[in-house]
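Structural features, examined
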Amino acid sequence: MSDSDFDIIVVGSGCAGAVAAYVAASAGKSVLVVERGVYAGAKNMTGGRIYSHSLKEVFPDFEQEAPLERKITHERIAMTDPESAMTIDFTSPELAREGQDSYSVLRGPFDQWLAAKAEEAGAEYICGIAVEELMRDETSKVVGVRAGGDEITAEVVIVAEGVNSLLCERSLGNPRPKPSQMAVGIKEVFELPAQVIEDRFLLPEGEGAAMLFVGDATHGKVGGGFLYTNKDSISLGLVATISTAGDGDNPTPVYQMLADFKEHPAVAPIIKGAKLVEHSGHMVPEGGYVMIPQYVFDGALVAGEAAGLCMNMGYQVRGMDFAVASGRMAAEAACEAIDAGDVSAAGLAGYKQRMEDSFVIKDLATFQKWPHVMEEWDAMFNDYPVMVREIFNAMFCVDGQPQQPLRRRIMPIVKKRGLIKTAREVRKAVSAL
Ligand SMILES: Cc1cc2nc3c(=O)[nH]c(=O)nc-3n(C[C@H](O)[C@H](O)[C@H](O)COP(=O)(O)OP(=O)(O)OC[C@H]3O[C@@H](n4cnc5c(N)ncnc54)[C@H](O)[C@@H]3O)c2cc1C
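The rules behind each value
Residues numbered from 1 in each chain as written. Predicted model: local features only at pLDDT ≥ 70, side-chain atom pairs only at ≥ 80, totals over all residues. Heavy atoms only, no water. UniProt positions renumbered as here; feature names shortened; annotations may be inferred. Phe/Tyr/Trp six-rings, centres within 6.5 Å; stacked < 30°, edge-to-face > 60°. Helix = DSSP H or I, 4+ residues; strand = E, 2+ residues; numbered from the N terminus. Buried < 20%, exposed > 50% of the residue type's maximum accessible area, 1.4 Å probe, protein only. Contact = heavy atoms within 4.5 Å. Polar contact = N/O pair within 3.5 Å; in protein donor to acceptor, adjacent residues only side chain to side chain. Near = heavy atom within 4 Å. Areas by Shrake-Rupley, 256 points an atom, 1.4 Å probe, with all protein chains shown as cover. Nonpolar A, V, L, I, M, F, W, Y, C, P; charged D, E, K, R; others polar. Domains from an automatic or database assignment. Axes fitted to C-alpha atoms, helices over the stretch in contact; angles between N-to-C directions. Left-handed = near helix turned anticlockwise from the far one by under 90°. Buried area = accessible area lost by both parts, 1.4 Å probe. Salt bridge = Lys/Arg side-chain N within 4 Å of Asp/Glu carboxyl O.

As recorded by an unreviewed UniProt entry, the protein chain carries the name FAD-dependent oxidoreductase and is attributed to Adlercreutzia wanghongyangiae. Its UniProt record, at the heading Sequence similarities (unreviewed entry), says of the protein chain: "Belongs to the ETF-QO/FixC family." Regarding the protein chain, the relevant UniProt record gives this comment under Cofactor (unreviewed entry): "FAD".

What follows covers the packing of aromatic side chains. Summed over all chains, the structure comprises 10 aromatic pairs. With centroids separated by 5.3 Å and ring planes inclined at 80°, the aromatic side chains of tyrosine 295 and tyrosine 351 adopt a geometry described as edge-to-face. Of this pair, tyrosine 295 sits in the loop between β15 (275–285) and β16 (296–297) while tyrosine 351 sits in helix α11 (residues 350–357); the two residues are 56 residues apart in sequence, bridging distant segments of the chain. Comparing tyrosine 295 with tyrosine 351, the two get one shared label, buried. Centroid distance tryptophan 377 to tyrosine 384: 5.4 Å. Interplanar angle 80°. Geometry classified as edge-to-face. Put simply, the rings of Tyr22, Phe59, Phe110 and Trp113 pair up and form one aromatic cluster.

This paragraph deals with the environment of serine 102. Secondary-structure assignment places serine 102 in strand β6 (residues 102–104). With a relative accessible area of 2%, serine 102 lands in the buried category. For the pair serine 102 and phenylalanine 367, spaced 265 residues apart in sequence, the C-alpha separation works out to 21 Å. Setting aside residues no more than four positions away along its own chain, serine 102 makes contact with Arg49, Ile50, Tyr51, Ser52, Arg70, Lys71, Ile72 and Leu95. One polar contact links serine 102 to arginine 49, side chain to side chain, over a distance of 2.8 Å.

For the rest of this paragraph, the subject is the site of the ligand. Around the ligand lies a shell of 36 residues, among which Glu35, Arg49, Arg107, Glu305 and Met320 are the nearest. Alanine 16 is positioned such that a nitrogen or oxygen atom in its backbone is 2.9 Å from an oxygen atom of the ligand. When the ligand sits alone it has 1000 Å² of accessible area, and the protein chains cover 97% of it. Among the elements of the structure, α1 (15–26), β2 (31–35), β13 (223–229), β15, β19 (317–318) and α10 (320–340) are those that each provide at least two residues to the shell around the ligand. With three residues, the single largest contributor to the shell around the ligand is β15. A class-by-class count of the residues in the shell around the ligand yields 17 nonpolar, 12 polar and seven charged. The residue makeup of the shell around the ligand includes at least three contributed by each of domain 1 (6–68 + 105–176 + 290–366) and domain 2 (180–285).

As a further point, take the packing of α10 against α11. Where α10 contacts α11, the two axes come as close as 8 Å, and the packing angle between them is 145°. The handedness of the crossing between α10 and α11 comes out as right-handed. The residues of α11 that touch α10, namely those facing Ser326, Met329, Ala330, Glu332, Ala333 and Glu336, are Gly350, Tyr351, Arg354 and Met355. Split into classes, the residues belonging to the contact of α10 with α11 amount to five nonpolar, two polar and three charged.

Splitting the protein chain by domain gives domain 1 (6–68 + 105–176 + 290–366), domain 2 (180–285) and domain 3 (373–432). A separation of 28 Å is found between the C-alpha centroids of domain 1 and domain 2. Opposite the 20 residues of domain 1 that make contact, domain 2 presents 20 residues. Carbon and sulfur atoms supply 66% of the area that domain 1 and domain 2 bury against each other, a total of about 1600 Å² over both sides. It is Met45, Val163 and Met291 in domain 1 that bury the most area against domain 2; as a group they hold 36% of the surface buried on that side. Taken together, domain 1 and domain 2 are joined by zero salt bridges. Linking domain 1 with domain 2 are three residue pairs in polar contact (both at pLDDT 80 or more), by the criterion used here. Partitioned by chemical class, the residues of the side of domain 1 that touches domain 2 number 10 nonpolar, seven polar and three charged.

Dropping the structure here:
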């Protein structure tokens, strides 16, 4: 019988932490969650869409219970220069099929629902206090946390404190991510009546759209814009890589990028007449597989973005489904290790095994070259949107002058950039996808 205060302490009640607490408490373990926000979700932010597969595994009835905004049935990707936009608009019944469906969410209500599920399962919560440090014994094993002047012990601590984890850095010795692996995200929420949102996006009642933007949203810097339709609001924002957005050569601060983005002809009509009700900013880890640090320690596991689990593919942004799945797997492995009486890193290795066997590590490994390709592909954010504008102008502008065949109008535009150079760049990108 252990003389620790709790079997498991979870640091942070975001997607990873609340799910870890729910799974461990449901398995009969005594669980304490320490959350620095005054309530779960108070400090949290996301762009807005969760792929539901990992949530369904933990909460099979989530669709009836969770505060979901809209089921996303329309996908749009826009390439923009300062004045033009070329948009792909896709919809299909497969997007809504159970198991591969996705939903827009607002983290305030969503995280409070997750925390309530963990509490119902028996987890105890302390909110409004940050964990300052992990406590270690003389063998360096993690044995608890220091928070608000208290020392609380546990058999296993699950660190789920999100991006930029100071506990991982200071108490566990994980490295600080490089600026090229981190992005800054800013977002605003605009209220609009549900009917107006559906009219503006040509949506059936209750369904939603996701839209990603490449090019002008970040003033030609690595990153992109996003837009998600909620029930009666729109989440609009952008993510810009810190190494470029924050370097001395960048004349445009991120808040100005957002101000300009809102004025873009592809965006302004969507939010016309809408009321701004929320503004938030947050970091995003974007280094992918290569930035995943050590996540199994003697007495401690790291889950969610604290373990660098996030992926921005330009056409898919994923972090919440990784967080939910890693939280679940961390809790399962912690319960197993406690039952076996071995919470050393070897005893907790079931977490690593589960993660490596799952989509979490497999997907991050498959697309590991992508962040690096993006980092070096300035043209995607500058030259390509301009080239695309010229190509589509060649297709659609009619001025009564005799026209050249389309290929003769398009080839000089592509040749201006360099046909072989462009083909090489595209090939390199496709090989990383
Ligand atoms: C602009 C932006 C857009 C995004 N878009 C998407 C998207 O569309 N889809 C998607 O899947 N993902 C998206 N992501 C990523 C996604 O939001 C994250 O991957 C996900 O929220 C990570 O969950 P988490 O539980 O690991 O961390 P978080 O949700 O950040 O939760 C961490 C929790 O820990 C608490 N905490 C932190 N430090 C301490 C401490 N010392 N003591 C106690 N508590 C602490 C925090 O208050 C917070 O509640 C986006 C992120 C950003 C910033």
